[in-house]
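# Structural characterization, general
This is what each chain is made of:
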Amino acid sequence: MNDQKVKGRLQEASERVKNFEEVEFGYNDEEALQEASRCLQCKNPRCMTGCPVSIEIPNFIHAIKEGNIKEAYEIISRSSSLPAVCGRVCPQEKQCEAMCVKGLKGEAISIGSLERYVADQAILNNFSAELPKKKNGKKVAIVGSGPAGLTCAGDLAKAGYDVTVYEVLHKAGGVLTYGIPEFRLPKSIVQKEVDSLKKLGVEVLCDVPIGNALTIPDLQKKYDAIFLGTGAGLPKFMGIEGENANQVFSANEILTRINLMGAYKDDSKTPIKKVKTAYVIGGGNVAMDAVRSLKRLGVDAHIMYRRSMDELPARLMEVEHAKDEGIVFDLLKNPVKILTDDNNNVIGMEVVEMELSEAGEDGRKQVVEKKDSLHTVECDMVVMALGTSPNHEALKMSNIELSDRGLIVVEGSKTSLDKVYAGGDAVTGAATVILAMEAGKKAAKEIMEKLS
Ligand SMILES: Cc1cc2nc3c(=O)[nH]c(=O)nc-3n(C[C@H](O)[C@H](O)[C@H](O)COP(=O)(O)OP(=O)(O)OC[C@H]3O[C@@H](n4cnc5c(N)ncnc54)[C@H](O)[C@@H]3O)c2cc1C
């Protein structure tokens, strides 16, 4: 029994497809205590080596065991500004939990669920993180309020810097707000995390696009340092015929409309047209979020992915949840043309079947088109979830160095521009929340070293 983790409780699949409420309930006190009691409190905790922001995992779990949740929160907050977010969306199974020794003979400790428990208790009980040190008079601008920008802001504010975050959208949080759906990460939780940064003195200015009225050279004049955490929000398309039809979207647009603009509500100013059948093209986490969101709008929602279930890049847990919710997986298939009616509305797709070759020297199977497999499927919406690249609106008027892939080039966290640092998806390409946070932390440290 002790080898198995305490399972989290979920909203029933048949119920949750009708709402946008959180799928997982999170541990209650008893469950958290029981799970925390499984921790072996290793002297050399391998789990910590799997955490990009080095949370003192055994220490916070020990504090839960002792019933001291405030202390557990203080321990986590020393390393992370966004614990309620990370507890929900970090791929722990590939990070801290993958390193947990309990996993050698049974199931790893559910570190993510315990982190979420502590963070949720902190919100409920109004615990506050470390107070900022006395102001040091130095000013830092952060461009972008995603996890990279917010983490950088939090660490600098705690150290006494005057921090202003500039965000182009009307709400802060980056992908946490406009991308990841409410049923995985409630927006009130993201807002609470942003509010705790504001309590530390961070100023968050929304609706301010850097690169237009206010440029990087303007910020260079006004601030002692600038951090660019502008993400990778520019969607990719396939370049097939019919892609400019009505009801062809990028996953980012569908998710932004649903999460940020409430497009599923009847009184929405930017509604999504009610459709019968939608295909989401792609197999990553973004595809799962888009398809599960559409299902909740009452759509017959399909994933179309050109490889097989074994190669599906999305988190296993998300795939399992999607299957339980009735998402149809059309695997080893690829669209080659989007079919439209006279009004340029989507009416279907021409699709080919694909085959996987034997694995090559690099271990990767090639995917090739199956002969004579062209056929048609009917649908009235197509959503492309094929990855994203950085949008460089912010970089206008600056001659910052970019890589061949259009990523900001950094040495450590420093860009080619005076006083300008960068991190997160804008530097690495689309990655994860915790890696963006790690980059934000690293940049904050470098900025402090430079300015002290
Ligand atoms: C749908 C979706 C689901 C995901 N699910 C997960 C998950 O479950 N787990 C996980 O770990 N990762 C997930 N990811 C990836 C993760 O969210 C990103 O890697 C992470 O958010 C990157 O953080 P960031 O701070 O670099 O950029 P972002 O979160 O993209 O934030 C960048 C911010 O900069 C702002 N900005 C851009 N240009 C300007 C400008 N010119 N002026 C002002 N502001 C600007 C943007 O509006 C945005 O708010 C997901 C991504 C998507 C799209």
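Scroll up for the structure.
Just so it is clear, the structure is predicted and the values come from calculations on it, not from any experiment.

## Focus: the sheet that holds strand β9 (residues 328-331)
For sheets, the rule is that strands pair by backbone hydrogen bonds, running either parallel or antiparallel. As summarised here, the arrangement of the 5 strands in space is β6-β14-β7-β8-β9, forming an open sheet in which the pairing is parallel. Looking at strand neighbours, the two that pair on one side only are β6 (248-250) and β9, the edges of this open sheet. With strand direction ignored, the average angle separating the axes of adjacent strands in the sheet is 25 degrees. Across 3 bridges, β6 lies against strand β14 (residues 381-384) in parallel orientation. Of the residues in β14, the one forming a bridge with Phe249 is Val383.

## Thoughts on the environment of Ala251
The topology assignment puts Ala251 in helix α14 (residues 251-259). We classify Ala251 as buried; it has 27 C-beta atoms within 10 Å. Residues Ala251 and Met288, 37 residues apart in the sequence, show an inter-C-alpha distance of 9.7 Å. Here Ala251 is in contact with Pro235, Val280, Val286, Ala287, Ala290, Val383, Met384 and Ala385, once residues within four sequence places are set aside.

## A closer look at the packing of helix α15 (residues 285-296) against helix α16 (residues 316-324)
At their nearest, the axes of α15 and α16 sit 10 Å apart, and the two run at 25 degrees to each other. If you check the angle between α15 and α16, you find them roughly parallel. Judged by the twist between their axes, the crossing of α15 over α16 is left-handed. The residues of α16 that touch α15, namely those facing Asn285, Met288, Val291 and Arg292, are Glu318, Val319 and Ala322. Classifying every residue of the contact of α15 with α16 by side-chain character gives 4 nonpolar, 1 polar and 2 charged.

## So, the nonpolar core
Formed by 122 residues in total, the largest nonpolar core has its most connected members in Val118, Val280, Ala290 and Val383. Apart from the residues within four sequence positions on either side, Val118 is in contact with Phe60, Ile64, Ile69, Ala72, Tyr73, Ile76 and Pro83.

## Quick word on the sheet that holds strand β16 (residues 420-422)
Spatially, β3-β2-β1-β4-β16 is the arrangement adopted by the 5 strands of the open sheet, whose pairing is parallel. Every other strand in the sheet has two partners, leaving β3 (203-205) and β16 as the edge strands with one partner each. Neighbouring strand axes in the sheet, compared pairwise and without regard to direction, differ in orientation by 20 degrees on average. Both strand β1 (residues 139-143) and strand β2 (residues 162-166) contribute to a ladder of 5 bridges, which runs parallel. Bridged to Lys139 within β2 is Asp162. Lying on the sheet, helix α18 (residues 433-451) is in contact with β1, β4 (225-228) and β16; it crosses β4 at an angle near 170 degrees.

## Points about the site of the ligand
Looking at the ligand, there are 41 residues lining it, with Gly144, Gly146, Gly174, Gly231 and Gly424 nearest. Going through the elements one at a time, α10 (147-158), α15, α17 (425-428) and α18 are the ones with two or more residues in the shell around the ligand. Here the residues of the shell around the ligand sort into 22 nonpolar, 15 polar and 4 charged.

About the thresholds
- Residues numbered from 1 in each chain as written.
- Predicted model: local features only at pLDDT ≥ 70, side-chain atom pairs only at ≥ 80, totals over all residues.
- Pairing = 2+ DSSP bridges.
- Helix = DSSP H or I, 4+ residues; strand = E, 2+ residues; numbered from the N terminus.
- Axes fitted to C-alpha atoms, helices over the stretch in contact; angles between N-to-C directions.
- Buried ≥ 20, exposed ≤ 12 C-beta atoms within 10 Å, placed from the backbone.
- Contact = placed C-beta atoms within 7 Å.
- Parallel < 35°, antiparallel > 145°, perpendicular 65-115°, else oblique.
- Left-handed = near helix turned anticlockwise from the far one by under 90°.
- Nonpolar A, V, L, I, M, F, W, Y, C, P; charged D, E, K, R; others polar.
- Core = buried A, V, L, I, M, F, W, Y, C linked by C-beta atoms within 7 Å.
- Near = placed C-beta within 6 Å.

Nothing here speaks to function; it is all geometry.
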